[in-house]
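A closer look at the structure
Take a look at the letters that make up each chain.
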Amino acid sequence: MGVSHEVLRQRLENQRARLLEEIKQFRITGRDNLGYGNHQADDATDAFEQAKELSLLQNAERVLAQVETALARFEQGTYGICDRCGDHIDPARLKALPYATLCMSCQQHTERT
Ligand SMILES: [Zn+2]
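Residues numbered from 1 in each chain as written. Predicted model: local features only at pLDDT ≥ 70, side-chain atom pairs only at ≥ 80, totals over all residues. Heavy atoms only, no water.

**Things to note about the overall build of the protein**
In terms of helices and strands, the protein carries 4 helices and 0 strands. The secondary structure elements of the protein, listed N-terminal to C-terminal, are α-α-α-α. Burial analysis of the protein (113 residues in total) assigns 24% to the buried set. Accessible surface computed for the protein: about 7900 Å², of which carbon and sulfur atoms make up 52%. (Helix = DSSP H or I, 4+ residues; strand = E, 2+ residues; numbered from the N terminus. Buried < 20%, exposed > 50% of the residue type's maximum accessible area, 1.4 Å probe, protein only. Areas by Shrake-Rupley, 256 points an atom, 1.4 Å probe, with all protein chains shown as cover.)

Written as structure tokens, this is what we have:
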């Protein structure tokens, strides 16, 4: 039977809480960095670090949006159903990627096009 949806939902809620915390921390440290930008020699490094952090932040926000979408689908009763073809998503896939909204073949299809 694999993992029940209730377990996956719990995992998604935990993940959402973790991502929200992460994004909050990014925002706090981002503000601090601006205040400490007085070391000229470190400017290049700082810019690089900021770019790296920004991409991490954008990634966290993107995953958060997917997690939110998946949680909303529990409310709608459509969790675990492929967005594109309407088939049930492989439970093993959901276990690995609880916020997946496409089945494996649709996912591969969208990545190709
Ligand atoms: Zn599909």
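Read on for the rest.
**Let's talk about the coordination of the zinc ion**
The zinc ion binds to the protein through Cys82 (SG), Cys85 (SG), Cys103 (SG) and Cys106 (SG); the donor distances cover 2.3 Å. Viewed at the metal, the 4 donor atoms of the zinc ion are separated by angles of 103 to 115°, and the geometry they form is tetrahedral. What makes Cys85 partly exposed here is its relative accessible area of 40%. (Donors = N, O, S within 2.8 Å, 3.2 Å for Na, K, Ca; no water. Tetrahedral: all angles 85-135°; square planar, octahedral: opposite > 155°, others 65-115°.)

**Details of the pattern of salt bridges**
When charged atoms on two side chains of opposite charge get close, those side chains can pair. Applying the stated rule across the entire model yields 7 salt bridges. Of the charged contacts in the structure, one is a salt bridge between Arg73 and Asp83, with a shortest N-O distance of 2.9 Å. Pair noted here: Arg73 is in helix α2 (residues 43-76) and Asp83 is in the loop between α2 and α3 (91-96), with a separation of 10 residues, a long-range link. According to the relative accessible area criterion, Arg73 is buried, its value standing at 8%. (Salt bridge = Lys/Arg side-chain N within 4 Å of Asp/Glu carboxyl O.)

**Things to note about the nonpolar core**
For soluble globular proteins, nonpolar side chains are generally found buried alongside one another. Membership of the largest hydrophobic core comes to 22 residues, with the highest contact counts inside it found for Leu12, Leu19, Val67, Tyr79, Cys82, Leu94 and Tyr99. Contributions of two or more residues to this core are made by α1 (5-35) and α2. Residue contributions to this core peak at 8 residues, all from α2. Contacts of Leu94, omitting those with residues within four sequence positions, involve His5, Leu8, Tyr79, Gly80, Ile89 and Ala100. (Core = buried A, V, L, I, M, F, W, Y, C linked by side-chain atoms within 4.5 Å. Contact = heavy atoms within 4.5 Å.)

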